[in-house]
Amino acid sequence: MNGERPLGPAEAAAELARLATEIARHDVLYYDRDAPEISDAEYDALRRCNEDLEALHPDLVREDSPSKRLGAAPGAGFAKVRHAAPMFSLGNAFDAGEVAEFYGRVRRFLGLEAGAAVEMVAEPKIDGLSVSLRYERGRFVLGATRGDGTVGEDVTANLGTLDEVPRSLAGRPPALLEIRGEVYMRRSDFGALNAARAEAGEGLFANPRNAAAGSLRQLDTAVTAGRPLRMFAYGWGASDGAVGATQWAFLERLDGWGFRVNPLSRLCATLDEALACHAALDGGRAGLDYDIDGVVYKVNRIDWQDRLGHASRAPRWAVAHKFAAERAETVLRSISIQVGRTGALTPVANLEPVTVGGAVVARATLHNEDEIARKGVCVGDTVTVQRAGDVIPQVVAVVADKRPPEAVPFVFPDVCPECGSHAAREEDEAVRRCTGGLICPAQAVERLKHFVSRDAFDIAGLGGRNIETFWREGLIVSPADIFRLPGRDGLADRKGWGEKSVENLRRAIEDKRTIGFDRLIYALGIRQVGQATARLLARAYGDLAAWRAAMRAAADHDGQDYRDLVAIDGIGPSMAADLIEFFAEPRNLDILEDLEDLLDPVPVEEPGGGGAFAGKTIVFTGMLESMTRAEAKARAEALGAKVSGSISKRTDMIVAGADAGAKARQAEALGVAVLGEAEWRALIDRPAGEQG
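Heads up: these notes are all about the structure in this document. Numbering of residues begins from 1 in every chain and follows the order in which that chain's sequence is written. Predicted model: local features are reported for residues with pLDDT of at least 70 only, side-chain atom pairs are reported and counted for 80 or more only, and whole-chain, interface and lining totals are derived from all residues. Heavy atoms from the whole structure form the basis of all side-chain values; hydrogens and water molecules are not counted.

## So, the sheet that holds strand E26 (residues 673-676)
Using the following cut-off: A pair of strands is labelled paired if DSSP reports no fewer than 2 bridges between them. Helix and strand assignments come from DSSP, with helices taken as H or I runs of at least 4 residues and strands as E runs of at least 2, each series counted from the N terminus. Geometry is summarised by axes, namely lines fitted to C-alpha atoms with helices restricted to the contacting stretch, and by angles between N-to-C directions that run from 0 to 180 degrees.
If you trace the 4 strands from one edge of the open sheet to the other, you get E24-E23-E25-E26, paired in parallel fashion. The open sheet has two edge strands, strand E24 (642-644) and E26, and neither has a second partner. Neighbour-to-neighbour, the strand axes of the sheet open up by a mean angle of 30°, direction not taken into account. Of the strand pairs in this sheet, strand E23 (residues 617-621) and strand E25 (residues 653-656) are connected by 4 bridges, and their pairing is parallel. From the neighbouring strand, Val619 faces E25, where its bridge partner is Ile654.

Put into structure tokens, the structure is as follows:
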């Protein structure tokens, strides 16, 4: 990841913050805009780096961690649809050892013996667009994209144009049934579509997956109807009746209802059979007329699937065993440095353009100077790059025996290329940062861009180019200046502007004077504070005045305010340090005071959930006998509870098993309710309407 030496806590926290931001941006590009900037392989590498760091530093897992999130918010242009049951992503495995570990996790979670048989269904992983189809009394009534997994886009009319989406189901399906599937385009159809577009002088699609996604998400249904889209069905969401006792039986029912099921799926009794299926599909995929990028293994018994449940973004009962990425060699011509809003200097490899798996790639991030040193990268080197699906690859390694005599090591700058300020590297960090702060144009502009970005204030008409122009001309220096912009003279006289565009901008700005408190927190661009963490803080402190007072008081590490801050699940000492540092800077306080006079932040509603446990914080301690700790945690979260590892005044109850020890005593001292395991089981085993 960042060198051979282990990462210190501060360094790991900084890298996790960078990964959270970078992965979130790529999720939007992939899921919402159908315009990914990086390859599947590089995206998987980013997630793998994040998971490895979280495993080494579990106390630093962020609330906005990619491991707790999937997809991206649905875009504009379609009505929004809230899925009756979430559409989860999948965890990945990249070799036989990781697949074996997946089998082991399943056995441990269920409390099975190490050698117990676990039957799996192996299904080809189609490289397409995930959708959900809702049937009521056997009739198709609603179709949606995955979106962020909770809310997708209503594409009912477009899905209705696909021959492989039944309008009514054969047999006797449940009265309410959600079917999950993957919309894709065959390679042969993709080639014909691009040939026709080229002849018509239209832009070409990059690959079949982008073509399928772009075709399904057309506002004009006639365009979708004219595209050769297909669908494989493979799963279900909400259902008011049983879908089968096993995954294999469910696939057979899908076929009986009239859906197309992938004929290459296999029932595997052992790990060896599952791996053999993967090898066979990998060896034969070049001959398929559609793209697959791996094999999905699913626990066959549905009662076991129910017990295993889901983690934050993926089911525990399934994993995607990915195929190896395609590779090629090319020459690294130069390394350039980009400066982000936190001052981080990021090296970018500029490559001799090379075709890898059908796409031309020319750039790749090198993350930081440790990564350059670890790989021994020199300018002029021939390097191996890999991709699995789309455009920009990752640099895998240097081809040492092809190093030319003129190759030179890259010297990482110790000054900022944007403002000339010293670029410092803290002892525990991998990242070198510009110390110029607000005098650095790159940081100032990037922070303003972040402030108006989609997940922050989302102000239409204030894109990156306009922010750069307004900043350069002194019209916007701080975030508060954005809300004074409509009163500036002469805006309508500027090139590319007019009375109507200025009026539209004025309305867009005025609309955002009232905004969710969590979005305001996220917009401030505090290091390590992503969207999920911003929501945590907004819910914990309620309003700007209370939050500001608490953060300033938290500078006293022996005080109650600091203890309350680090007791928030997902906020550890490293993140707390960044929050305290932000509020210790007088210029930041001036910005907040200025914004407070111009904005009306509104409180964040508590999240919904199941039954009386919605929003409750529960701590498990001691040895549980009737289920594993992992299963107990999963059951609590499925009922809307938040499970914490530490007790604070925000804890609602603890569940104490055998030998509960200090935590039970601490809970009693704080007046927190203590339940025995039997009492807990009695609560969660009640019918949903009686829980609590």
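## Quick word on the state of the cysteines
Cut-off, in case you're wondering: In plain terms, two cysteine sulfur atoms within 2.5 Å form what is called a disulfide here.
Here the structure, examined in full by the defined rule, presents 0 disulfides. Free of any disulfide, Cys416 has its nearest cysteine sulfur in Cys434, 3.7 Å distant.

## Some details on the packing of helix H18 (residues 544-553) against helix H21 (residues 586-596)
The test is simple: Here the angle decides the label: under 35 degrees means roughly parallel, over 145 means roughly antiparallel, 65 to 115 means roughly perpendicular, and every other value means oblique. Less than a right angle of anticlockwise turn of the near helix away from the far helix marks a crossing as left-handed, whereas a clockwise turn marks it as right-handed. Residues are treated as being in contact if the distance between any of their heavy atoms lies within 4.5 Å.
At a minimum axis separation of 12 Å, H18 and H21 run at an interaxial angle of 165°. Relative to H21, the element H18 lies roughly antiparallel. The two elements H18 and H21 meet at a crossing, and its hand is left-handed. Here Leu544, Ala545, Arg548 and Arg552 of H18 lie close against H21, whose contacting residues are Leu589, Leu592, Glu593 and Glu596.

## Some points on the packing of aromatic side chains
Spelled out, the test is: Each Phe, Tyr or Trp ring (for Trp, its six-membered ring) is paired with any other whose centre lies within 6.5 Å, and the angle between the two planes then decides the class: stacked below 30 degrees, edge-to-face above 60, tilted in between. Relative accessibility decides the category of a residue: with a 1.4 Å probe and only protein chains considered, values under 20% of the type maximum give buried, values over 50% give exposed, and everything between is partly exposed.
On inspection of all chains with the given rule, the structure shows 17 aromatic pairs. Their ring planes at 50° and their centres at 5.8 Å tell us that Phe470 and Trp497 sit as a pair that is tilted. Taken together, the positions of Phe470 in helix H13 (residues 464-472) and Trp497 in the loop between helix H14 (479-482) and helix H15 (499-511) put the pair 27 residues apart, joining distant regions of the chain. The exposure class assigned to Trp497 is buried, which follows from its relative accessible area of 18%. With 5.5 Å between their ring centres and 80° between their planes, Phe620 and Trp680 make a pair best called edge-to-face. With Phe620 in strand E23 and Trp680 in helix H24 (residues 677-684), this residue pair connects regions lying 60 residues apart in the sequence. Of the two residues examined, Phe620 and Trp680, each falls in the buried class.

## Some remarks on the side chain of Thr156
By secondary structure assignment, the location of Thr156 is in helix H4 (residues 156-159). Beyond its immediate chain neighbours, meaning those up to four positions away, Thr156 contacts Phe140, Val141, Leu142 and Gly143.

## Observations concerning a negative patch on the surface
Here is the rule we go by: Patches here: salt-bridge-free residues with over 30% relative accessible area, like charges joined within 9 Å, nonpolar side chains (Val, Leu, Ile, Met, Phe, Trp, Tyr) joined within 5 Å. Here the Shrake-Rupley method, with its probe set to 1.4 Å, supplies the accessible areas, and only the displayed protein chains count as covering residues. When a carboxyl oxygen of Asp or Glu is within 4 Å of a side-chain nitrogen of Lys or Arg, the pair counts as a salt bridge. Note that His is not counted, nor are the chain ends; the positive residues are Lys and Arg, and the negative ones are Asp and Glu. Taken as the charge centre is NZ of Lys, CZ of Arg, CG of Asp or CD of Glu, depending on the residue.
Together, Glu426, Glu427, Asp428 and Glu581 make up a region of like negative charge exposed at the surface. Among the secondary structure elements, Glu427 is positioned in the loop between strand E19 (423-424) and strand E20 (433-434).

Bear in mind that shape data such as this cannot, by itself, settle questions of function.
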